[in-house]
Every structure is written in structure tokens, then in C-alpha cells.
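Residue-level structure breakdown
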Amino acid sequence: MTDMESDAHYSDVEVEDQLIEVLTNANIVRLISIFVNKGCVVLAGMSGEDVLHSVIVKVLAMERKWPKEAQAISYLIQTGKSIINNESEKRKHQYNVESVEDYISKPNTDYE
């Protein structure tokens, strides 16, 4: 990563500071609610809390670079949406279906 690229993203210490500042009780509840409304349970089989946990882990592990120009809540929401979409794609391939509707309507033959 060049100096210009590193200047465009938060460092690991800056990420920790940003998370401490933004993860108030009210914002935690707000983020969980947003992830549930984005379909995390149906699409990804994850609770809103699971998605938020995954977001925090990926951000702290620097797997998801945090651009300095991105607003904190927007960045966390976008990261959560990405996680939901990735998990949804994994589930589609795992169950060999094209959509959630196909998965729901597919008969469960495990008990036959």
C-alpha cells in the first residue's frame, strides 16, 4: 500500500478509536435493526447481532479497509450489507437454489 493509499484509510489504532466513539448503545440497537430489516435472518441465516459482530471483527482485523471519507454509521451499514450478501450467496450455492423463494418452497426431504 502506498503512502497515499494508507492516508486514505484509517490505521488499526484509528479504527479502534472510531468504533469506540460510534458504538453507543443507541447506535448498536440501530445497526442491529437495520441488519434485520436488510434481511439478515432470511437471506443469510444470521441474527442482527451476528452481523454486527462480524462487521466489528472484520473491521478490527483490517479485512475491510475503512476510508477516512466514509461516515462511520454508513460504513458499518455497508459492511453489514456486504456480509449479508456474501452469506446469502454461500447459502444459495450450499442449497443449490437460485433465490430465497426457491429455498423456502423447496420441500424438505430430510425426514422422508
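Scroll up to find the structure.
These numbers were taken from a predicted model, which means no experiment stands behind them.

About the criteria used
Residues numbered from 1 in each chain as written. Predicted model: local features only at pLDDT ≥ 70, side-chain atom pairs only at ≥ 80, totals over all residues. Heavy atoms only, no water. Helix = DSSP H or I, 4+ residues; strand = E, 2+ residues; numbered from the N terminus. Contact = heavy atoms within 4.5 Å. Areas by Shrake-Rupley, 256 points an atom, 1.4 Å probe, with all protein chains shown as cover. Polar contact = N/O pair within 3.5 Å; in protein donor to acceptor, adjacent residues only side chain to side chain.

Looking now at the overall build of the chain. Regarding its fold elements, the chain presents seven helices and zero strands. Beginning at the N terminus, the succession of helices and strands in the chain can be written as α-α-α-α-α-α-α. Here the contacts in the chain between residues at least 6 apart in sequence split such that 64% fall between residues at least 24 apart. Working note: accessible area of the chain is about 7,500 Å², and carbon and sulfur atoms make up 50% of it.

On to the side chain of T79, then. Note on placement: T79 falls in helix α6 (residues 72-95). A polar atom in the side chain of T79 sits 2.8 Å from the backbone oxygen of Y75. With residues near it in sequence (within four places) discarded, T79 still touches V55 and R64.

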